[in-house]
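Residue strings, one per chain:
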Amino acid sequence: MGKNRHRLKGSKGKKWAKGHSSSSNPSTSKHRDAAKSRFFQENLGLSNLTTDALKKHDAFTFEKKPSDAMDMEEDAQSANASTYKTFDTFASDWSACSNQSFGKLINNFRSDSAIHKEMLAVLAAVTEVIKDQGGKESNTEYFGALMTTLSDVDLEETSVAAVLNLLGMGIKGVPQGVLQSRFSQCSKIFLDLLAKYAESDNNVIMKGLLGCISVLLRAQESALWKEPSTKNVLDSILVFTVHSKPRVRKAAQHAITAILKGSLMMQGENAPTHHPAAPLTADFCVRQMESHGAGTTTLHVLGLLKEILATFPRSHLKTTCETILKVMTLGNILINSCGLQALHGLFVSRPPLTVLPPDLNAKLIAALYDYQPSAVDSQPTQAWLAVMQEAFINLNKQDAVQSVTNVPHLFVLLTTLWLSGKPEVTSAATLTMRALVEEVIGPASCLPQHRTSVTKVIVTVQAGLKYQYHASWTHVLHIIGVIFKACGENCLETLIPCLEALADLRDSHQFCFTSELDFAVGQAVRSMGPEAVIKAIPLQLKGSADSAQEFKRSWILPILKENIQKSTLKCFIDNCMPLAVFCKNQSAKLRAENNQVRSLSYDLMQSQLWALLPSFCTQP
């Protein structure tokens, strides 16, 4: 390879002498001699290199790192007073601003950020003007000065972004009266800039404009929302909620959400049921979904509805939900997923009766059954189950009768999902059952008029103990334990057959789910009481002499010891003491017959029975 290299023609340049390639001092010293000749001469010209200039230069040149903050602070304490301490103090000294609204910029100033430098320059100029006019650096003064700066048509794009960022920091502290009185002037400036930069790539300006308009609209009274100009300002934000750029779209959607939920008129005691902008927003969303069908715009609208659907008035909410269900019939997986998320956001918000009445809630539940995905599709099924769960819980808070009456049908569908063979689907079905048992079935079990529906649910879940559900017995036993905990005190007669079935399974040969079953029985002991459990699952110590069958039900003794609560001494005397006496006599008899193994077994059983005594003494 070395033979094929091409050498450059011409002079080879200077070469080191042999043996001198490591020498550091060159032989020529032309530049050094020139410097030495001027070393002792006095600089007679004026220089701009001042302490302040060096201070600014160092601040803009070096970047403070968080890990070096402590070292820089220690160095500042040892340095003289003319040096800066940190960039925070540099930014505050350079701008001379004492308003706390701009602390985010001053405390987090970055010298390598062009927008931060421009913001600091604008802030310093505005602060100087306010001080020259004898101002107190209030939020109102900064707001007026920045809006005046923003109205300059010749302002550069970087300066516009800087002013808008500063406005976003200070506008939230401006009094409501100022924002109301200056609404027309400010909204015109913002809308002109919005139209000017709508097609630009500067997301900073767009986000700043949308945020400032949102704060401005939040401060207005309800009477102003009747004016067409106010509605036009809202429409200017709604257009950007379906924008193709994610950052702009997210900023617009956040602005709409803040207006509908965070306006000052919605925070008082006499707040209206819905914001005046809610019907306008609902109409916009419906138009967009109907005109774009399964397009990307519909996805953006559904993303917005997930946050604001519960803020719509009743009539507009019904129309919007119907439109959501209509676009979900188009067969687009993403549309269906986003539609379910929007409905989930509605139910989770727990809207009042004036917004979502029980009848409309029940109709939505009935309609959602038609949108149940296949059990093979894990993610759509999990989303559907989450919506159904929240829908029933919300309906139960509004009208318990309708909720309890309709919930058995859902449990029938949920038990079929135990046979899906998909672990994710099985777990999601179990979690939905648990939430419904705790929120709906448990409270309903206390009322006699709901006894039929509660019994249907218990029987449906108990059917999961059949062998066809063998692969999901872990989930089945868990839900049975939750039912014991929620309904055991009020549904003793209904749950006794379930206890008996559990005992038969526990006694079966090579049963593998002992810990899950023991948990379920323990919940029954806590809620139903030990007396009911012992009657349903007797110890059977007087059975066959076969060692395998002699102590067949001894597994229940540790469960009783761990879970007995609020029982009585009478229960121990009636149920456990006769067995303890029998074990003692049987042990003595077997010891006399020289059968030491069986004698020790009965003696151990006697000790376990007496160990239950302290648990029965809480209510003697």
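Above this note sits the structure.
Note that the structure is predicted; figures quoted are calculated from it, not measured. Per chain, residue numbering runs from 1 following the sequence as it is written. In view of the model being predicted, local features appear only for residues whose pLDDT reaches at least 70, and side-chain atom pairs are presented and counted only at 80 or more, with totals across whole chains, interfaces and linings using the full set of residues. For the side-chain quantities, the full set of heavy atoms in the structure was used; hydrogens and water were omitted.

> I would appreciate a short explanation of the pattern of salt bridges in the present structure.
If the charged atoms of two oppositely charged side chains come close together, the side chains can form a pair. Note on definitions: salt bridges are taken to be side-chain nitrogens of Lys or Arg within 4 Å of carboxyl oxygens of Asp or Glu. Inspection of every chain in the model, using the stated rule, returns eight salt bridges. K188 is the salt-bridge partner of D192, the closest N and O atoms lying 3.1 Å from each other. Taken together, the residues span about one helical turn, with D192 and K188 both in helix α10 (residues 183–196) at a distance of four residues. The rule is simple: take the accessible area with a 1.4 Å probe, protein chains only, and divide by the maximum for that residue type; under 20% is buried, over 50% is exposed, in between is partly exposed. With relative accessibility at 44%, the residue D192 sits in the partly exposed group. Note that R434 is salt-bridged to E438, the shortest N-O span being 3.1 Å. On the criterion of helical spacing, the pair formed by R434 and E438 is a turn pair, its members being four residues apart in helix α21 (residues 423–444). You can call R434 partly exposed: its relative accessible area is 34%. Judged by its relative accessible area of 40%, E438 is partly exposed. Per the convention used, a helix needs a DSSP run of H or I reaching at least four residues, while a strand needs a run of E reaching at least two, with both numbered from the N terminus.

> Got a minute to help me understand the packing of aromatic side chains in this structure?
When we look at a pair of aromatic rings, we describe it by the centre distance and by the angle of the planes. Note on ring pairs: Phe, Tyr and Trp rings are taken, using the six-membered ring of Trp, and paired if centres are within 6.5 Å. Classes follow the plane angle, with under 30 degrees stacked, over 60 edge-to-face and the rest tilted. If you walk through the whole model with that rule in mind, you get eight aromatic pairs. Measuring from centroid to centroid gives 6.4 Å for Y369 and W384, while their planes differ by 65°, and the two rings are edge-to-face. Of this pair, Y369 sits in the loop between α18 (358–368) and α19 (378–398) while W384 sits in helix α19, and the two are 15 residues apart along the sequence. Summarising the aromatic geometry, the rings of W473 and F513 are spaced 6.0 Å apart at their centres and angled 80° between planes, so their arrangement reads as edge-to-face. Of the two residues, W473 is situated in helix α23 (residues 473–487) and F513 in the loop between α24 (492–507) and α25 (514–528); the sequence distance between them amounts to 40 residues.

> Sorry if this is basic, but what is going on with the side chain of Q389 here?
One can find Q389 in helix α19. When its relative accessible area of 16% is taken as the criterion, Q389 is described as buried. Should any heavy atoms of two residues lie within 4.5 Å, those residues are considered in contact. Apart from residues no more than four positions distant in its own chain, Q389 is found in contact with L431, T432, A435 and L436.

> Help me understand the nonpolar core, please; the structure alone is not making it clear to me.
The nonpolar side chains of soluble globular proteins are, as a tendency, buried together. In terms of nonpolar packing, the biggest core is built from 173 residues, with L150, L167, F190, L305 and F484 touching the most fellow members. With residues near it in sequence (within four places) discarded, L150 still touches L155, V160, V163, L164, L167, I189, F190 and L193. Take the buried Ala, Val, Leu, Ile, Met, Phe, Trp, Tyr and Cys residues and link them wherever side-chain atoms come within 4.5 Å; each set so joined is a nonpolar core.

> When you look at the environment of V215 in this model, what are you seeing that I'm missing?
Considering the arrangement of structural elements, one finds V215 in helix α11 (residues 203–218). Separated by 44 residues in the primary sequence, V215 and I259 place their C-alpha atoms 7.8 Å from one another. In this structure, V215 is in contact with I171, K172 and L179, ignoring residues within four places of it in sequence.

> Whenever I open this one, the packing of α21 against α23 confuses me. Can you help?
Contact pair α21 / α23: the axes reach a minimum separation of 10 Å and the direction vectors enclose 10°. Taken together, the axes of α21 and α23 are roughly parallel relative to one another. Contact with α21, carried on its side by T426, S427, T430, M433, R434, V437, E438, I441 and G442, involves H475, H478, I479, V482, I483, A486 and C487 of α23 and no other residues of that element. Only Asp, Glu, Lys and Arg are considered charged, only Ala, Val, Leu, Ile, Met, Phe, Trp, Tyr, Cys and Pro nonpolar, and every remaining residue, Gly among them, polar. Looking at the contact of α21 with α23, its residues break down into eight nonpolar, six polar and two charged. Between N-to-C directions, angles span 0 to 180 degrees; the directions come from axes that are lines fitted to C-alpha atoms, helices contributing only their stretch in contact. Oblique is the label for any angle not covered by the other classes, which are roughly parallel (under 35 degrees), roughly antiparallel (over 145) and roughly perpendicular (65 to 115).

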